[in-house]
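So the chains spell out like this:
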Amino acid sequence: NAGVTQTPKFRVLKTGQSMTLLCAQDMNHEYMYWYRQDPGMGLRLIHYSVGEGTTAKGEVPDGYNVSRLKKQNFLLGLESAAPSQTSVYFCASRKRVTTPQSYNEQFFGPGTRLTVL
Amino acid sequence: AQSVTQLGSHVSVSEGALVLLRCNYSSSVPPYLFWYVQYPNQGLQLLLKYTSAATLVKGINGFEAEFKKSETSFHLTKPSAHMSDAAEYFCAVSLTPLFSGGYNKLIFGAGTRLAVHP
């Protein structure tokens, strides 16, 4: 199993350009998440998905869009990149809990380092 | 609302010394608590988790953490630091599934960078 993979690993954009980050998981997980990591701020949730065809906003959704057309993929889009979106982006996935008290671990990808000039 | 505070953005210890990384949380309902480790240029890896069973939780690589409800703390310790422990450590909190609708969103602290010197 590859686990959670992210494409690309690095990217440099100019202000106003658009791009899509791809997250793929081969663990048949229902839930997927996009985070951004900034120095001194830990990881903050951008958007998440609880299943194919469904998405929801996290803490910092502005300037991003997402899609979950296939269960194994979760795409993060930047329509018009801004320097404030320079960050490291992490994708994570998790299996749905099946009992009220259970917890399933989130598995993280290796990250995408994005610089917006 | 939930939050996590990690005291000390940088901690430096000698090899063989005790490692203590501090985490305090805020949650109005029973939380689940986690420590993640991030090695340079890698993603996050789960070190250990507290999910309302034993309050002293043992994780990988000799780390452990104790949940103290009265102090709202979940500090991470390791008796003897190794050079390979140098990394960034994140404490995180999540609502129990009973209160979160099963979504288990994680709220992360700002992180503590651990340096280990010879």
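Just so you know, these numbers come straight off a predicted model, no measurement behind them.

(A) Local environment of the overall build of chain A. On a plain count of helices and strands, chain A comes out with 0 helices and 11 strands. Reading the helices (α) and strands (β) of chain A from amino to carboxyl end gives β-β-β-β-β-β-β-β-β-β-β. A compact globule built from 117 residues should have a C-alpha radius of gyration of about 13 Å, and chain A, at 14 Å, falls within 12% of that. Taken over the C-alpha atoms alone, chain A extends approximately 45 × 30 × 25 Å along its principal axes. Counting across all 117 residues of chain A, residues that qualify as buried make up 47%. A separation threshold of at least 6 residues defines the contact pool for chain A, and within that pool the share at least 24 residues apart is 56%. Separation of charge centres in chain A, based on 13 positive and 8 negative side chains, amounts to 4 Å.

(B) How the structure looks around the state of the cysteines. Counted according to the given criterion, the structure contains 2 disulfides over all chains. In this model cysteine 23 of chain A forms its disulfide with cysteine 91 of chain A; the gap between the sulfur atoms is 1.9 Å. An S-S torsion of about -75° defines the bridge between cysteine 23 of chain A and cysteine 91 of chain A as left-handed. Separated by 68 residues along the polypeptide, cysteine 23 of chain A in strand β3 (residues 19-25) and cysteine 91 of chain A in strand β9 (residues 87-94) bring together distant segments of the chain. Of the residues examined, cysteine 91 of chain A reaches a relative accessible area of 0% and is grouped as buried. The residue that forms a disulfide with cysteine 23 of chain B is cysteine 91 of chain B, at a sulfur-sulfur distance of 2.0 Å. Residues cysteine 23 of chain B and cysteine 91 of chain B are joined through a disulfide that is left-handed, its torsion about the S-S bond being -65°.

(C) View of the environment of tyrosine 33 of chain A. Residues and elements named next belong to chain A. Inspection of the secondary structure puts tyrosine 33 in strand β4 (residues 31-38). Sequence spacing of tyrosine 33 and leucine 45 is 12 residues, and the spatial spacing of their C-alpha atoms is 7.2 Å. Of note is the side chain of tyrosine 33, whose polar atom sits 3.1 Å from the side chain of arginine 94.

(D) Representation of the interface of chain A and chain B within the structure. Listed by partner, the interface residues are 25 residues for chain A and 24 residues for chain B. A combined buried area of about 2,000 Å² lies between chain A and chain B, and 58% of that area is made up of carbon and sulfur atoms. Scanning the region where chain A abuts chain B turns up 0 salt bridges. For the interface between chain A and chain B, the tally reads 1 residue pair in polar contact (both at pLDDT 80 or more). Listed by contribution, the elements that provide at least two residues to the side of chain A that touches chain B are β4, β5 (42-51) and β9 of chain A. With 5 residues, β5 of chain A is the largest single contributor of residues to the side of chain A that touches chain B. Its residues assigned to classes, the side of chain A that touches chain B comprises 14 nonpolar, 7 polar and 4 charged.

The rules behind each value
- Residues numbered from 1 in each chain as written.
- Chains lettered and ligands numbered in written order.
- Predicted model: local features only at pLDDT ≥ 70, side-chain atom pairs only at ≥ 80, totals over all residues.
- Heavy atoms only, no water.
- Helix = DSSP H or I, 4+ residues; strand = E, 2+ residues; numbered from the N terminus.
- Rg over C-alpha atoms; globule rule 2.2 N^0.38 Å.
- Buried < 20%, exposed > 50% of the residue type's maximum accessible area, 1.4 Å probe, protein only.
- Contact = heavy atoms within 4.5 Å.
- Lys, Arg positive; Asp, Glu negative; His and termini not counted.
- Charge placed at Lys NZ, Arg CZ, Asp CG, Glu CD.
- Disulfide = S-S within 2.5 Å.
- Polar contact = N/O pair within 3.5 Å; in protein donor to acceptor, adjacent residues only side chain to side chain.
- Buried area = accessible area lost by both parts, 1.4 Å probe.
- Salt bridge = Lys/Arg side-chain N within 4 Å of Asp/Glu carboxyl O.
- Nonpolar A, V, L, I, M, F, W, Y, C, P; charged D, E, K, R; others polar.

Interpretation in functional terms is not warranted from these geometric data alone.
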